[in-house]
Amino acid sequence: METPLDLVMDRLRCPVCTETLTRTERTVRCAAGHAFDIARQGYLTLLGGARPAVQGDTADMVAARTAFLAAGHYEPVARALAEAVRDVPAADDADHPLVLDLAGGTGYYLATVLDALPRALGVDVEISPYASRRAARAHPRLAAVRADVWQPLPLAAGSAAAVLSVFGPRNPAEIARVLTPGGRLVVVAPAQDHLAEIIGPLGMLTVAPDKEARLARQLADFTTTAERAVRYRATLTHADVVHEALMGPSAHHLDRDELLAAVAALPEPLAVTVSVTVSVHRA
Ligand SMILES: C[S@@+](CC[C@H](N)C(=O)[O-])C[C@H]1O[C@@H](n2cnc3c(N)ncnc32)[C@H](O)[C@@H]1O
């Protein structure tokens, strides 16, 4: 039976020489002989020579993210993404448009998008092996590729009908290269009041005041075609709040015992504002 990786192999490229790739059992090779392993857990590592400058999320962060997303609190965000790509453009591979999720984590959002697009294929590009392991099991049409979004993406030019970028790093030049003509980039970014009820009390990292301006500068060569605020209240248990705090960059500087004490002092359940901007851009 074809695996999700087999389904997208013709769109993937060697990260060393950009040649096409062929699979034999658990190894993927290009014509020049560069070889890459498919992990036992099902993800393909496509890193070039240099060691990646970042390691990505730790096992604990990925476990916290998995638990938090499984509780469904960000489902409206996932639905907004699916809505933003529901009419992905026709292209050479119109029968099987490819949706790429950059720094896609556990594949949670991409799986929802693929459910809404029955003919589409998905690739989750992630640097954290712990996230890639989860992504490899997220959906029957989702291939997990371990790669660095700051390096040239191991994908053919014009191969993706849509690129998703949800709370993660993005490289505009590479996004423009891999998009099909008329393809779209969908970005989810936190608004200033995102999680306001817990950011202060728990000492979590705040959303940078110039975040919106920075995104606009970063995507200056793209045309923004739609922008939508997704804002609602989520009702969280103490366990949800701990997972939320430990699944993102705040995890690197929070002391676990202090965090647990601060969470215990909060009401339970706790109503929290989820507030993000979903924007659509064309190259
Ligand atoms: C805040 S998380 C968002 C994950 C996912 N988009 C979600 O919202 O569930 C950021 C993700 O970016 C990944 N990441 C960080 N630097 C990266 C890089 N250079 N290349 C690929 N992934 C990276 C991390 O491992 C982490 O999974």
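Residues numbered from 1 in each chain as written. Predicted model: local features only at pLDDT ≥ 70, side-chain atom pairs only at ≥ 80, totals over all residues. Heavy atoms only, no water.

A.B. asks: Even after reading the chapter, I still don't get the site of the ligand, so can you show me in this structure?
C.D. replies: Near the ligand lie 19 residues; those nearest to it are Asp-57, Ala-103, Glu-126, Asp-148 and Val-166. A distance of 2.4 Å is found between an oxygen atom of the ligand and a side-chain nitrogen or oxygen belonging to Glu-126. Take Asp-148: an N or O atom from its side chain is 2.7 Å from a nitrogen atom of the ligand. Of the residues that constitute the shell around the ligand, the class distribution is 11 nonpolar, 4 polar and 4 charged. (Near = heavy atom within 4 Å. Polar contact = N/O pair within 3.5 Å; in protein donor to acceptor, adjacent residues only side chain to side chain. Nonpolar A, V, L, I, M, F, W, Y, C, P; charged D, E, K, R; others polar.)

A.B. asks: Would you mind going over the packing of helix H9 (residues 238–246) against helix H10 (residues 256–264) with me for this structure?
C.D. replies: What describes two packed helices is the angle between their axes and the distance between those same axes. At a minimum axis distance of 10 Å, the contact between H9 and H10 shows a crossing angle of 140°. With respect to H10, the element H9 is oriented oblique. Where H9 crosses over H10, the two elements pack in a sense that is right-handed. Mapping the contact onto sequence places His-238, Val-241, Val-242, Ala-245 and Leu-246 in H9 and Arg-256, Leu-259, Leu-260, Val-263 and Ala-264 in H10. When the residues that make up the contact of H9 with H10 are grouped by side-chain class, the tally is 8 nonpolar, 1 polar and 1 charged. (Axes fitted to C-alpha atoms, helices over the stretch in contact; angles between N-to-C directions. Helix = DSSP H or I, 4+ residues; strand = E, 2+ residues; numbered from the N terminus. Parallel < 35°, antiparallel > 145°, perpendicular 65-115°, else oblique. Left-handed = near helix turned anticlockwise from the far one by under 90°. Contact = heavy atoms within 4.5 Å.)

A.B. asks: It is not clear to me how the layout of surface pockets should be interpreted in this structure. Could you clarify?
C.D. replies: A probe as big as a water molecule, rolled over the atoms, marks out the empty space that is left. Its boundaries defined by the atoms lining it, the second largest pocket holds a volume of some 310 Å³. The dominant element in the lining of the second largest pocket, judged by the number of residues it contributes, is helix H8 (residues 211–218), at 5 residues. Partitioning the lining of the second largest pocket into residue classes produces 10 nonpolar, 5 polar and 3 charged. (1 Å grid on protein atoms, 1.4 Å probe; cavity = no way out; pocket = protein on both sides within 12 Å on 5 of 7 lines; lining within 4 Å. Points joined across faces, edges and corners; volume = space filled by probe spheres on them.)

A.B. asks: Explain the pattern of salt bridges here, please?
C.D. replies: Side-chain pairs of opposite charge can arise whenever the charged atoms involved come near each other. Summed over the entire model, instances satisfying the criterion amount to 9 salt bridges. The closest approach of N and O atoms between Asp-10 and Arg-11, which form a salt bridge, is 3.9 Å. One salt bridge connects Arg-184 with Asp-87, and the closest N-O pair in it is separated by 2.9 Å. On the criterion of sequence distance, the pair formed by Arg-184 in strand E9 (residues 179–190) and Asp-87 in the loop between helix H3 (75–84) and strand E5 (98–102) is long-range, its members being 97 residues apart. Taking the relative accessible area as the measure of exposure, Arg-184 reaches 6% and is therefore buried. A relative accessible area of 44% places Asp-87 in the partly exposed class. (Salt bridge = Lys/Arg side-chain N within 4 Å of Asp/Glu carboxyl O. Buried < 20%, exposed > 50% of the residue type's maximum accessible area, 1.4 Å probe, protein only.)

A.B. asks: How do you make sense of the nonpolar core when you look at a structure like this?
C.D. replies: In globular proteins that are soluble, nonpolar side chains generally tend to be buried together. Tyr-74, Tyr-109, Ile-198 and Leu-202 are the most contacted members of the largest nonpolar core, which totals 58 residues. Not counting the four nearest positions on each side in its chain, Tyr-109 is found in contact with Leu-69, Tyr-74, Val-77, Ala-78, Leu-81, Asp-101, Val-166 and Phe-167. Ranked by size, the runner-up nonpolar core spans 34 residues in total, among them Cys-14, Leu-46, Leu-100 and Ile-175. (Core = buried A, V, L, I, M, F, W, Y, C linked by side-chain atoms within 4.5 Å.)

A.B. asks: How do you make sense of the packing of H3 against helix H4 (residues 108–116) when you look at a structure like this?
C.D. replies: Remark: H3 packs on H4, axes separated minimally by 9 Å, with the N-to-C direction vectors making an angle of 50°. As far as their axial angle goes, H4 and H3 are oblique. In this structure, H3 meets H4 at a crossing whose hand is right-handed. Between H3 and H4, the contacting residues are Glu-75, Val-77, Ala-78, Arg-79, Leu-81 and Ala-82 on the first element and Tyr-108, Tyr-109, Thr-112, Val-113 and Ala-116 on the second.

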